[in-house]
Each structure stands twice: as C-alpha cells, then as structure tokens.
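Below are the chains, spelled out letter by letter.
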Amino acid sequence: MAISAGTALALLVLGAMAMAISPVFVRNAEVGPFASAFWRAFGSLPLLFLWAAFEMRRQRRLRRDRREVASPRINPKAVFLAGAFFAGDLIFWHLAIVHTSIANATFFACLAPIWVALLSRLTIGEAVSRRTLKGLALCLPGAALLVLHSGWGGGTMLGDAYGLTTSLFFGLYFLAVREARRGLSAGTTTFFLTIVTAAVLFVAAILSGNALLPDTTSGALNLAALGLVSHAGGQGLLSVALGVLSASFSSLVIFVEAVAAALFGWIFAGEAVGLSQVLGGCLILVGIFIARPKREAAGVTQMNDASCDTPGAR
C-alpha cells in the first residue's frame, strides 16, 4: 500500500496526539514511572503482533503474485538500536523529571529535532532541507513560550543534563526508525523495536523498585490505554510516516506533541492556557507549515510496504 506525503503528514500529527495524551494515562496508572514505561511498551505487543503478522502475510502474497524471489533488505541493527534508543529516551525522561523542573525537562526534550538535523546526513545519508531548518527556527522559540510559561529554573545541572540526554535518545530514535523503515513495513518495525524497548524497560523497572502491578481496575485500564493508544498508536503511526517523510521533518512531531499535551492538560486536568502558550503553539504550527514537504514532492513521494524504498532516501 502506497501513501502520499500529505497522508503521511496527517498520520504523523495523529500519532503526535496519541503520544501527547500519555501523561493522562501515566498519572492514573497507579504504578511508578519506570513500571508505567515498561507497560507502555509491553502492553502494545499483542496489537503490534497482529499488525506485523498481517503485513508479512500481505507482503508474501504480493511477492508470490509478482513472482519475486528476493525478500526486502532488512537492517536488524537499525531495529535493535531504535528499540534501545526509545528505552533510553523514556528512562532519561523520567530521571529528568525527578531531578529538574517539569518545564526544564520538557523544554530540553523538545531539542530532539536539533540532534536529528545535525546527525541526519552523517548517520543515514539524508540531507536536511532549508524548509525544515526554517520551520525548526520557528518551532524552537514556540516551544520555549509553550513550555516555559511557568518560569525557567528550579532544577539542577544534573537534571537538565538528563533532559538533554533525553532529546539525544529521541533524536537517535527517529534516525534509527527511518533507517529500519527502508527494509521493513511500519507494523513489523514497530513490533520488533518494541520487544527491545520492553526488555530494557523491564530491567529498569525492576532495578528502580517500582511496583509493577496497579491496585485497581482503573489503573490497569490506564496502563492498557497507554500501550494501545500512546505506543501502538503513537509510535506505530510515527513509523508509518517515517517510511515517507524525512527524519528531520518527522522529528518536528515533538513540537506538535507539546501543543497537544497543553491542549489535553486543559481538557482533562483543568490546566490554564496562557497567552504565551497560545502564541508558542501558533509559532509551532506556522513552523511546521513552513517545513512541510513541497506540494510537487508530496505528489510523488510514496511508501511501498513491500519494499519501503522512498525516492531521495539516500
């Protein structure tokens, strides 16, 4: 199945919203942060398995109909690294929250697109367009206004370093998934990388001493929603988009996530939205609009789940 860049962008935004609602589920999960991170990954595996199995059956049928002998090029190293990087992102994110202010931790986490822009050509041979750089230049101050409305500071150098490390891991995650998607379909990529993520986070949860099981049915339902909505939905749709859109542009999803998180905080937690947050959100949306793929490119840039090759990938 081939999708256009415009469709991929719409799925990217939807995935960002699915990831942005995760704090609502974590807040009501009744387990510690590392345990909730583990359940986020582990709880998504049944759905991801069904998705991956469906894709693999379809691909085998397509190759048989086309009388193709060769299988798609698979990069297991990229899949493994993607899973490890996402686990690192979640681990250092929780460490940052503990050791610095929420505002500082969130802002530093929003720096992931900078790492992607710096490392994209070096690691996966993908250039960063001027449009993306212009959009990033608007998104960064927008994120500052959106996240730091409650004031900068209140943390420690160690906590801020954890936040910066979070952004590095998330940036590396985008690059690894983009590389993995050259040879695997979205569901298969997300399933296998999630196995790695769940294994790493299980060890982290055990070492942290977090209780692994919630006390009530409500807590269990929130953990289930965290896995199905925020991980299977959010990371899955992100994997779909990364089969079509560049890693540098796709990484701007973190800014959409920040806007959606503020919106969900207002809807579900009654958190006030100030003028600076509205302005910051507008800057982010304008920046993403500027960075969007060109219309002519959107018409020809497509993903084929059987081969996952995209024009201009290298």
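Residues numbered from 1 in each chain as written. Predicted model: local features only at pLDDT ≥ 70, side-chain atom pairs only at ≥ 80, totals over all residues. Heavy atoms only, no water.

**Structural notes on the overall build of the protein chain**
In plain terms, the rule: Helix and strand definitions here come from DSSP, where helices need a minimum of 4 consecutive H or I residues and strands a minimum of 2 consecutive E residues; each element is numbered from the N-terminal end. Contact definition: two residues touch when any of their heavy atoms are within 4.5 Å. Using a 1.4 Å probe, accessible areas were evaluated by the Shrake-Rupley method; residue-level cover was limited to the displayed protein chains.
The helix and strand tally for the protein chain stands at 15 helices and 0 strands. Within the protein chain, contacts between residues separated by at least 24 positions form 91% of all contacts whose residues are at least 6 apart in sequence. Split by element, the accessible area of the protein chain, about 14,100 Å² in all, is 69% carbon and sulfur.

**Some details on a nonpolar patch on the surface**
For the record, the criterion: Grouping into patches uses exposed residues only, defined as over 30% relative accessible area, and leaves out salt-bridged ones; the cut-off is 9 Å for like charges and 5 Å for nonpolar side chains (Val, Leu, Ile, Met, Phe, Trp, Tyr). Think of a salt bridge as a Lys or Arg side-chain nitrogen and an Asp or Glu carboxyl oxygen that are within 4 Å of each other. When a residue's accessible area, from a 1.4 Å probe over protein chains only, is under 20% of the maximum for its type it is buried; when over 50% it is exposed; and in between it is partly exposed.
A contiguous nonpolar surface patch, about 610 Å² in accessible area, is contributed by L263, W266, I267, V273, L275 and V278. Sorting the residues of the nonpolar patch by element identifies α13 (253–269) and α14 (275–291) as the ones contributing at least two each. The greatest single-element share of the nonpolar patch, amounting to 3 residues, is contributed by α13. Using a relative accessible area of 39% as the deciding quantity, one classes V273 as partly exposed.

**Quick notes on the packing of aromatic side chains**
Short version of the rule: When the centres of two rings from Phe, Tyr and Trp lie within 6.5 Å, Trp using its six-membered ring, the rings pair. Their planes under 30 degrees apart give stacked, over 60 give edge-to-face, and anything left gives tilted.
Evaluated as defined, the whole model comprises 14 aromatic pairs. Ring geometry for F92 versus F169: centroids 5.5 Å apart, planes at 15°, classification stacked. Here the residue F92 occupies a position in helix α5 (residues 76–99), and F169 occupies one in helix α9 (residues 157–180), the gap between them amounting to 77 residues. Measuring from ring centre to ring centre gives 5.9 Å for F170 and Y173, while their planes differ by 5°; the resulting arrangement is stacked. Of the two residues, F170 and Y173 both sit in helix α9, 3 residues apart, roughly one turn of that helix.

**Details of the packing of helix α3 (residues 33–42) against α5**
Here is the rule: Between N-to-C directions, angles cover 0 to 180 degrees, with each direction set by a line fitted to C-alpha atoms, over the stretch in contact for helices. Throughout this description, any angle smaller than 35 degrees is read as roughly parallel, any larger than 145 degrees as roughly antiparallel, any in the 65 to 115 degree range as roughly perpendicular, and the remainder as oblique. Crossings are assigned a handedness: left-handed for a near helix turned anticlockwise from the far helix by less than a right angle, right-handed for a clockwise turn. Side-chain classes are defined by residue name, with Ala, Val, Leu, Ile, Met, Phe, Trp, Tyr, Cys and Pro counting as nonpolar, Asp, Glu, Lys and Arg as charged, and the others, Gly among them, as polar.
Put simply, α3 and α5 touch, their axes get as near as 10 Å, and they point 155° apart. Classified by the angle their axes make, α3 and α5 are roughly antiparallel. The two elements α3 and α5 meet at a crossing, and its hand is right-handed. Here α3 contributes P33, F34, A37 and R40 to the contact with α5, which in turn contributes F86, L90, I91, H94 and L95. Of the residues in the contact of α3 with α5, the class split is 7 nonpolar, 1 polar and 1 charged.

**Quick look at the nonpolar core**
Using the following cut-off: As used here, the term nonpolar core means buried Ala, Val, Leu, Ile, Met, Phe, Trp, Tyr and Cys residues forming a set that is joined through side-chain atoms within 4.5 Å.
Membership of the largest hydrophobic core comes to 59 residues, with the highest contact counts inside it found for Y173, L201, L238, L245 and F255. L238 has contacts with L12, M19, Y173, F174 and V253, leaving out every residue within four places of it along the chain. Counting 11 residues, the second largest nonpolar core, distinct from the first, contains I21, F25, V31 and A260.

**Considering the side chain of S248**
Operational definition: What qualifies as a polar contact is a pair of N or O atoms within 3.5 Å, subject to a donor-acceptor requirement within protein and to the restriction that residues adjacent in sequence count only when both atoms come from side chains.
Its location among the elements puts S248 in helix α12 (residues 247–250). By relative accessible area, S248 is classed as buried at 3%. Of note is the side chain of S248, whose polar atom sits 3.2 Å from the side chain of S246. Not counting chain neighbours up to four residues away, the residues in contact with S248 comprise V116, E126, V128 and T132.

**With respect to the pattern of salt bridges**
Within this structure, the stated rule accounts for 2 salt bridges. Across the pair E126 and R178 runs a salt bridge, and its minimum N-O distance is 2.8 Å. Highlighted residues: E126 in the loop between α7 (112–124) and α8 (130–147) and R178 in helix α9, separated in sequence by 52 residues. Side by side, E126 and R178 carry an identical accessibility label, which is buried. Between R182 and E179 there is a salt bridge whose closest N-O contact spans 2.8 Å. Residue E179 is classed as buried on the basis of its relative accessible area of 10%.

**A word on α9**
Turn by turn, an α-helix covers 3.6 residues, leaving residues three or four places apart pointing in a common direction. What counts here: Given a helix with a known number of residues, its expected span is that number minus one, times 1.5 Å.
End to end, α9 covers 34 Å across 24 residues, agreeing with the expected 34 Å (1.5 Å per residue, within 8%). Across the 24 residues of α9, 17 count as buried, placing the element largely inside the fold.

**Details of unusual backbone geometry**
A positive phi angle is found at E30, which is not glycine, with a value near 65°. With respect to the helices and strands, the residue E30 is situated in the loop between α2 (22–27) and α3. Given a relative accessible area of 36%, E30 falls into the partly exposed group.

**Re the environment of M56**
In this structure, M56 sits in helix α4 (residues 45–65). On the basis of relative accessible area, M56 is assigned to the partly exposed category, the value being 31%. Separated by 129 residues in sequence, M56 and S185 have C-alpha atoms that sit 8.4 Å apart.

**Quick word on the confidence of the model for the protein chain**
Definition in use: A residue's pLDDT is simply how confident the predictor is in it, with values from 0 to 100.
Taken as a whole, the protein chain shows an average pLDDT of 84; of its residues, 87% reach a score of 70 or greater. Highest mean pLDDT in the protein chain belongs to helix α10 (residues 186–208) (95); lowest belongs to helix α15 (residues 295–300) (44). Predicted confidence for residues 296–314 stays below pLDDT 50, and this span has 55 contacts to residues more than four positions away or in other chains.

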